[in-house]
Amino acid sequence: MADSKRRERKRRDFSPVVGPERWLSPYAGFATLCLIFLILIFTVSQIDAKKYARVANSFSIVLTGLPISDGDEVGLAVIDELESPDISAETSAHNQAQLDEIKELLNQFIMGQETGTKLDDYIKVYEQERGLVISFRDSLIFRDESTDLIPGAANLVSQVGDILLDLPNYIRVEGHTDDSPINTDKFSSNWELSVLRASELVHILHEEAQIPALRLSAIGYGETRPLVASDNSKDRAMNRRVDIVVLKMKYDYFEAPSSN
């Protein structure tokens, strides 16, 4: 009899709540789900799609000179407005005027050089969205498939650096090759050749023209950024180049060292 009463008491102790408090369990679950939903909504609301499009397009233009997509309405609409927080519209306009003046000085320098080579066939100065590009044919600067400088090349690059010295802009030197494979004792691919050629010009700009190292960087693209299709030897020669790119100040945000 005692055992029967004990078992009955245990059953009552572990039976589910069926009284007025039974609504608490589903309510607590529902409240938790609502809280999670609100947190998700808040997080998503902080994403600025235009800001991300601006950043993505800016990186693409800085690295390649081209936006991510010509049809990217959002990205192209905001790219002209992209400036680092410290660059006012007035400062940006002033820097553009400086670049225009430097472009004119460079063209005068190229046309005024008395050499046995028609320099304007080997040095091109033009402007892109990201900044001013001074493009050297590789045959004007380097020996074939080498980083060895041709006599007089260092002096020529140094004089170009003298013209750029007083600009506050960051300068990126970009090496390019054609699509002809290379495999020598020194270079296992076009990547190495393009990077080291760019680095060679960076050293000249820093050591000879006294441009601060903080403003300079080097990058090698190998054969991946051709100007024209490599259909013949003349086109391949156009693709073999080293570009000195004077970046517009509105891209300082991506070039300047972090203050942290």
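Use the structure listed above.
This section reports on the structure supplied with the text. Keep in mind that this is a model prediction, so the values were computed, not measured.

### Section: the overall build of the protein
Check the secondary structure of the protein and you find 10 helices and 5 strands. When burial is assessed residue by residue, the protein has 34% of its 260 residues classed as buried. Within the protein, residue pairs in contact and separated by at least 24 positions form 70% of the contacts whose partners lie at least 6 positions apart. Summing over all exposed atoms, the protein offers an accessible surface of approximately 15,900 Å²; the carbon and sulfur share of this is 56%.

### Observations concerning unusual backbone geometry
Non-glycine residue Glu145 carries a positive phi angle of around 50 degrees. In this structure, Glu145 sits in the loop between α6 (138–141) and α7 (153–164). For Gln210, which is not glycine, the phi dihedral falls at a positive 65 degrees.

### Observations concerning the sheet that holds strand β4 (residues 216–220)
Note: strands within a sheet are paired through backbone hydrogen bonds, in either parallel or antiparallel orientation. Taken in spatial order, the 5 strands make up an open sheet running β1-β2-β5-β3-β4, and their pairing is mixed. On the outer flanks of this sheet lie β1 (123–128) and β4, each paired with one strand and no other. This sheet shows a mean twist of 20 degrees between the axes of neighbouring strands, independent of strand direction. Note that strand β3 (residues 171–176) and β4 share 5 bridges and pair parallel. Looking at β4, one finds that Gly175 is bridged to Gly220. Contacting β1, β2 (131–137) and β5 (241–247), helix α5 (residues 89–112) runs over the sheet at an angle of about 165 degrees to β1.

### Structural notes on the packing of α5 against α7
It is at 10 Å that the axes of α5 and α7 come closest, and there the two elements cross at 155 degrees. One way to sum up the angle between α5 and α7 is to call them roughly antiparallel. Taken as a pair, α5 and α7 cross one another with a handedness that is right-handed. Each of Ile102, Leu105, Leu106 and Phe109 in α5 lies in contact with α7, whose residues at this interface are Leu156, Gln159, Val160, Ile163 and Leu164. Partitioning the contact of α5 with α7 into residue classes produces 8 nonpolar, 1 polar and no charged.

### Concerning the side chain of Asp178
Relative to the assigned elements, Asp178 resides in the loop between β3 and α8 (190–207). Looking at Asp178, the relative accessible area reads 7%, which means it is buried. In this structure the side chain of Asp178 is engaged in a polar contact, spanning 2.9 Å, whose partner is the backbone nitrogen of Ser180.

### Section: the pairing of β5
Regular strands have side chains that alternate between both faces of the sheet. When you tally the buried positions in β5, you get 7 out of 7 residues, the bulk of the element. Burial along β5 is two-sided: Arg241, Asp243, Val245 and Leu247 and Val242, Ile244 and Val246, pointing in opposite directions, are all buried. Summarising the sheet, β2 and β5 pair through 7 bridges and their orientation is antiparallel. Counted as the bridge partner of Val133 is Val245 from β5.

### What about the pairing of β3?
Burial within β3 is extensive, with 6 of its 6 residues counted as buried. Residues Ile171, Val173 and Gly175 line one face of β3 and the alternating positions Arg172, Glu174 and His176 line the opposite face, and both faces are buried. Each parallel crossover has a hand, and for β3 linked through α8 to β4 it is right-handed. Alignment of β3 against β5, held across 6 bridges, turns out to be antiparallel. Within the sheet, the bridge partner assigned to Val173 lies in β5 and is Ile244.

### Overview of the packing of α7 against α8
At a closest axis distance of 9 Å, the pairing of α7 and α8 adopts a crossing angle of 60 degrees. It follows that α7 is oblique to α8 by the angle criterion. Note that α7 runs across α8; the crossing there is right-handed. For the pair formed by α7 and α8, the contact residues are Ala154, Val157, Ser158 and Gly161 on the first element and Leu201, Ile204 and Leu205 on the second.

Parameters at a glance
- Residues numbered from 1 in each chain as written.
- Predicted model: local features only at pLDDT ≥ 70, side-chain atom pairs only at ≥ 80, totals over all residues.
- Heavy atoms only, no water.
- Helix = DSSP H or I, 4+ residues; strand = E, 2+ residues; numbered from the N terminus.
- Buried < 20%, exposed > 50% of the residue type's maximum accessible area, 1.4 Å probe, protein only.
- Contact = heavy atoms within 4.5 Å.
- Areas by Shrake-Rupley, 256 points an atom, 1.4 Å probe, with all protein chains shown as cover.
- Pairing = 2+ DSSP bridges.
- Axes fitted to C-alpha atoms, helices over the stretch in contact; angles between N-to-C directions.
- Parallel < 35°, antiparallel > 145°, perpendicular 65-115°, else oblique.
- Left-handed = near helix turned anticlockwise from the far one by under 90°.
- Nonpolar A, V, L, I, M, F, W, Y, C, P; charged D, E, K, R; others polar.
- Polar contact = N/O pair within 3.5 Å; in protein donor to acceptor, adjacent residues only side chain to side chain.
- Right-handed = clockwise from strand over helix to strand, strands pointing away.

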